[in-house]
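# Structure at a glance
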Amino acid sequence: DAKTTQPTSMDCAEGRAANLPCNHSTISGNEYVYWYRQIHSQGPQYIIHGLKNNETNEMASLIITEDRKSSTLILPHATLRDTAVYYCIVRGYNTDKLIFGTGTRLQVFP
Amino acid sequence: GAGVSQSPSNKVTEKGKDVELRCDPISGHTALYWYRQSLGQGLEFLIYFQGNSAPDKSGLPSDRFSAERTGGSVSTLTIQRTQQEDSAVYLCASSLGSERGRGYGYTFGSGTRLTVV
């Protein structure tokens, strides 16, 4: 599975958009990009995933560059409850297994 | 139930004892996964089951760890002769598995916090 690189930590003001970047320069054409988050002391929570096209759901938007070497998770209006560790993961085509990295610790402040 | 259920939520055991951790996945989910998370660390993959296929055991750290999934539903993770370094939160997740490569998101349980003293 392709390796991902994320910033260790980020801050965001409440009500503003949080844009979390992820680099996955070795991704292959049939590998999906997944995003999860883990709020303190809870199990990880699925957010969104995509292959080529941008995706949007009730939680977030996922923007994948045309060359697929990077992506950005967008939380349009961050709240204090969005403070968590956000994991960007590339999943291999022939497996359901997800290998979690160290993620980005997002701190939303008032 | 609506979510993934794990039991017990907390377990304290003495070094050298065996422990069993249980996971009830979401009904109809064909894939089941075990991870562990040590204090302040990321998630470490342990094992995953997909339907009737042989499980992917590539993440099990030693032969003291084993897991089974009975009837394609409930799973038990067993740790024999526990050591202090086994102390962690053990997380189970389930999903619908992959369809033509697309895959589905996992739903995680709340975990079992294992403390070996």
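Structural notes, computed from the coordinates. Computed from a predicted model, the values in this text were never measured in an experiment.

## Here we look at the overall build of chain A
- Along chain A, the regular secondary structure elements total 0 helices and 9 strands.
- Each helix (α) and strand (β) of chain A, taken in turn from the N terminus, gives the series β-β-β-β-β-β-β-β-β.
- In terms of principal-axis extent, the alpha carbons of chain A reach across some 40 × 30 × 25 Å.
- For chain A, the proportion of its 110 residues judged to be buried stands at 47%.
- Taking the contacts inside chain A whose residues are at least 6 apart along the sequence as the reference set, 56% of them involve residues at least 24 apart.
- As presented, chain A carries roughly 5600 Å² of accessible surface, and 48% of it is formed by carbon and sulfur atoms.
- Measuring between centres, the 10 positive side-chain charges of chain A sit 4 Å from its 10 negative side-chain charges.

## What about the sheet that holds strand S6 (residues 61-64) of chain A?
Residues and elements named next belong to chain A.
- Taken in spatial order, the 4 strands make up an open sheet running S2-S7-S6-S5, and their pairing is antiparallel. In the strand order of this sheet, the two ends are held by strand S2 (18-23) and strand S5 (55-56), each with one partner.
- Alignment of S2 against strand S7 (residues 70-75), held across 6 bridges, turns out to be antiparallel. Bridge assignment links Pro-21 to a residue of S7, and that residue is Thr-72.

## Examining the environment of Val-74 of chain B
Residues and elements named next belong to chain B.
- Within the secondary structure layout, Val-74 lies in the loop between strand S6 (65-69) and strand S7 (75-79).
- As for Val-74 and Leu-32, which are separated by 42 residues in sequence, their C-alpha atoms are 9.0 Å apart.
- Excluding its chain neighbours within four sequence positions, the residues that come into contact with Val-74 are Arg-22, Cys-23, Asp-24, Pro-25, Glu-68 and Arg-69.

## A closer look at the state of the cysteines
Residue and element names in this part refer to chain A.
- One pass over the full model with this rule turns up 2 disulfides over all chains.
- Each sulfur in the disulfide pair Cys-22 and Cys-88 lies 2.1 Å from the other. Across the S-S bond linking Cys-22 and Cys-88, the dihedral sits near -80 degrees, which makes this disulfide left-handed. With a gap of 66 residues between them, Cys-22 in strand S2 and Cys-88 in strand S8 (residues 84-91) connect regions that are remote in the sequence.

## Regarding the interface of chain B and chain A
- Contacts between the two partners involve 23 residues from chain B, matched on the other side by 17 residues from chain A.
- In this assembly, chain B packs against chain A so that about 1700 Å² is buried in total across both faces, 47% of it on carbon and sulfur atoms.
- For the pair chain B and chain A, the interface holds 1 salt bridge.
- At the junction of chain B and chain A, the tally comes to 6 residue pairs in polar contact (both at pLDDT 80 or more).
- The residue makeup of the side of chain B that touches chain A, split by class, is 10 nonpolar, 10 polar and 3 charged.

## Things to note about the pairing of S8 of chain A
Residues and elements named next belong to chain A.
- Here S8 lies mainly inside the structure; 8 of its 8 residues are buried.
- Neither face of S8 is open: one carries Ala-84, Tyr-86, Cys-88 and Val-90, the other Val-85, Tyr-87, Ile-89 and Arg-91, and all of them are buried.
- As defined by bridge partners, strand S3 (residues 32-38) adjoins S8 across 7 bridges and the pair is classed as antiparallel. Paired with Tyr-32 across the strands is Arg-91, a residue of S8.
- Here S8 runs beside strand S9 (residues 104-109); their pairing, made up of 3 bridges, is antiparallel. Bridging across to S9, Tyr-86 finds its partner in Thr-104.

Criteria and thresholds
Residues numbered from 1 in each chain as written. Chains lettered and ligands numbered in written order. Predicted model: local features only at pLDDT ≥ 70, side-chain atom pairs only at ≥ 80, totals over all residues. Heavy atoms only, no water. Helix = DSSP H or I, 4+ residues; strand = E, 2+ residues; numbered from the N terminus. Buried < 20%, exposed > 50% of the residue type's maximum accessible area, 1.4 Å probe, protein only. Contact = heavy atoms within 4.5 Å. Areas by Shrake-Rupley, 256 points an atom, 1.4 Å probe, with all protein chains shown as cover. Lys, Arg positive; Asp, Glu negative; His and termini not counted. Charge placed at Lys NZ, Arg CZ, Asp CG, Glu CD. Pairing = 2+ DSSP bridges. Disulfide = S-S within 2.5 Å. Buried area = accessible area lost by both parts, 1.4 Å probe. Salt bridge = Lys/Arg side-chain N within 4 Å of Asp/Glu carboxyl O. Polar contact = N/O pair within 3.5 Å; in protein donor to acceptor, adjacent residues only side chain to side chain. Nonpolar A, V, L, I, M, F, W, Y, C, P; charged D, E, K, R; others polar.

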